[in-house]
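This is what each chain is made of:
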Amino acid sequence: MRAYDIILKKRNGLELSSEEIQFLIDGYVKGTIPDYQMAAFCMAVFFRGLNPGETSVLTRAMADSGDRVDLSEIPGIKVDKHSTGGVGDKTTMIVVPLVACLGVPVAKMSGRGLGHTGGTVDKLESIPGFRTDLPIDEFIQTVKNAGAALIGQTGNLVPADKKIYALRDVTATVDSIPLIASSIMSKKIAAGCDALVLDVKVGSGAFMKNKEEARKLANLMLDIGRAMQIRTAAVLSSANQPLGKGIGNSLEVKEAVETLQGNGPGDLKELCIQLAAQMLLMGKGMKDQKNAVKQVTEALESGAALNKFREIIEAQGGNSAVVEDTTLLPNAELTLQVTSPREGYIQKFDTEKVGLAAACIGAGRSRKEDKIDPSAGIVMHKKIGDTVFRGEPLATLHFNSGAPCEQASDIILDAVQIGRERPASEPLIIDIIS
Ligand code: URA
């Protein structure tokens, strides 16, 4: 078999056999297939696509390219969650304790962020002392004792995705639906979950810019889940504006704590309740969606989920006093208000640009080696449809000396569109597919 023939076949729009896909992944991980051939293959897939069968084979081959985590020691159905990535998305820090306090064990491996803002691991590391590098046996023990644990990717999990994702990132082949689906699902399979809830983002801050594409991605991941015997559900949610108000690592932990205390922004609370309800349905084998939403809402409002977050932080070596006193989180030295240049209604956001503004003052990284400033970020004060007066704050930048705050301020002003007419309201939850 030759990589050349497989690339040619896909370039010409033909279906690949399982053996051909396996050969390509094995050869690329071993180093016998060079980057330029894998890059050509990704571009052929970008234009020609993969059918669901090919995508499942690719996913399995990627999941099998390294180690797999064995969670069988943990009793119960282990439910994982994954977000396709949104600006201000701090749902994991709320949803994980929320379902764990209702008896659903969560062994969550998360990533670091590249581009916009940090990933969940970066956010958690802004809690003083919080260890995200637990070895696997300690990770499993923590889930058994505390009901949940949150760590960074460890061991040799899905080396095929590490290599292919890095290549896609520099060859304009990230936004291919079958490549995204296989990348996400291979990592979830290797992480050992029994069931999975996907938060598929749609809009200006997401890979999927419209509902049709997002639905395609969600359905494809559901198909892969089915093929791998992982019960999977997807929540399609809008990323046409930042989620909640805080963007940036410690600011997002602060907002997650406020939400667990019952004082969070409405959109964040709504999405967390829906995601947690889907996890509860799968983790407990429940059928009644309304009952799941009711149980989750009660656990949030009673403080049970906040107590569970405290327990998880303590179990992972963090200062759990942050759940009572968020001033213990890193605070930036300086703030700057970004004010509205005119009066009107907020029409729309270029959410990706808002994320870039946060990254530019230190909340994200543009290269893997960049260091994140845990205290840097943005607090947004307006949502789509809100009225705004000239000179009224649109956002507050939190940064440390030397950060290019003027540049970030300009990016925000460019990202917010203000007009005379009140825009039609848009739902946050677009669909739930289970
Ligand atoms: N997230 C992933 O893990 N992989 C992709 O390809 C895109 C988003």
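Data block above holds the structure.
Keep in mind it's a predicted model, so treat the numbers as computed, not measured.

K.L.:
Where do I start with the side chain of threonine 59 in this structure?
P.N.:
Relative to the helices and strands, threonine 59 resides in helix H4 (residues 52–63). Once residues within four sequence positions are removed from consideration, threonine 59 is found in contact with Ser182, Met185, Ser186, Ile189 and Ile224.

K.L.:
Honestly, the sheet that holds strand E4 (residues 195–202) in this entry has me stumped. Any pointers?
P.N.:
Pairing between the strands of a sheet is mediated by backbone hydrogen bonds and can be parallel or antiparallel. The sheet built from four strands is open, its strands ordered E1-E4-E5-E13 with mixed pairing. The outermost strands of the open sheet, each flanked by one partner alone, are strand E1 (79–83) and strand E13 (429–433). Between one strand and the next, the sheet's axes are offset by a mean angle of 15°, whatever the strand orientation. In the sheet, strand E5 (residues 231–238) pairs with E13 via four bridges, with the strands oriented antiparallel. In the strand pairing of E13, serine 237 is matched with isoleucine 429. Packed on one face of the sheet, helix H10 (residues 211–227) meets E4, E5 and E13 and runs near 165° to E5.

K.L.:
Looking at this structure, how should I read the environment of serine 238?
P.N.:
Position of serine 238 among the secondary structure elements: in strand E5. By relative accessible area, which is 12% here, serine 238 ends up buried. In the structure, serine 238 is positioned 27 residues away from lysine 211 in sequence and 9.1 Å away in space, judged by C-alpha atoms. With residues up to four places along the chain from it excluded, the contact list for serine 238 reads Val202, Glu426, Pro427, Leu428 and Ile430. Here the side chain of serine 238 touches asparagine 240 through a polar contact of 3.1 Å, landing on its backbone nitrogen.

Cut-offs applied
- Residues numbered from 1 in each chain as written.
- Predicted model: local features only at pLDDT ≥ 70, side-chain atom pairs only at ≥ 80, totals over all residues.
- Heavy atoms only, no water.
- Helix = DSSP H or I, 4+ residues; strand = E, 2+ residues; numbered from the N terminus.
- Contact = heavy atoms within 4.5 Å.
- Pairing = 2+ DSSP bridges.
- Axes fitted to C-alpha atoms, helices over the stretch in contact; angles between N-to-C directions.
- Buried < 20%, exposed > 50% of the residue type's maximum accessible area, 1.4 Å probe, protein only.
- Polar contact = N/O pair within 3.5 Å; in protein donor to acceptor, adjacent residues only side chain to side chain.

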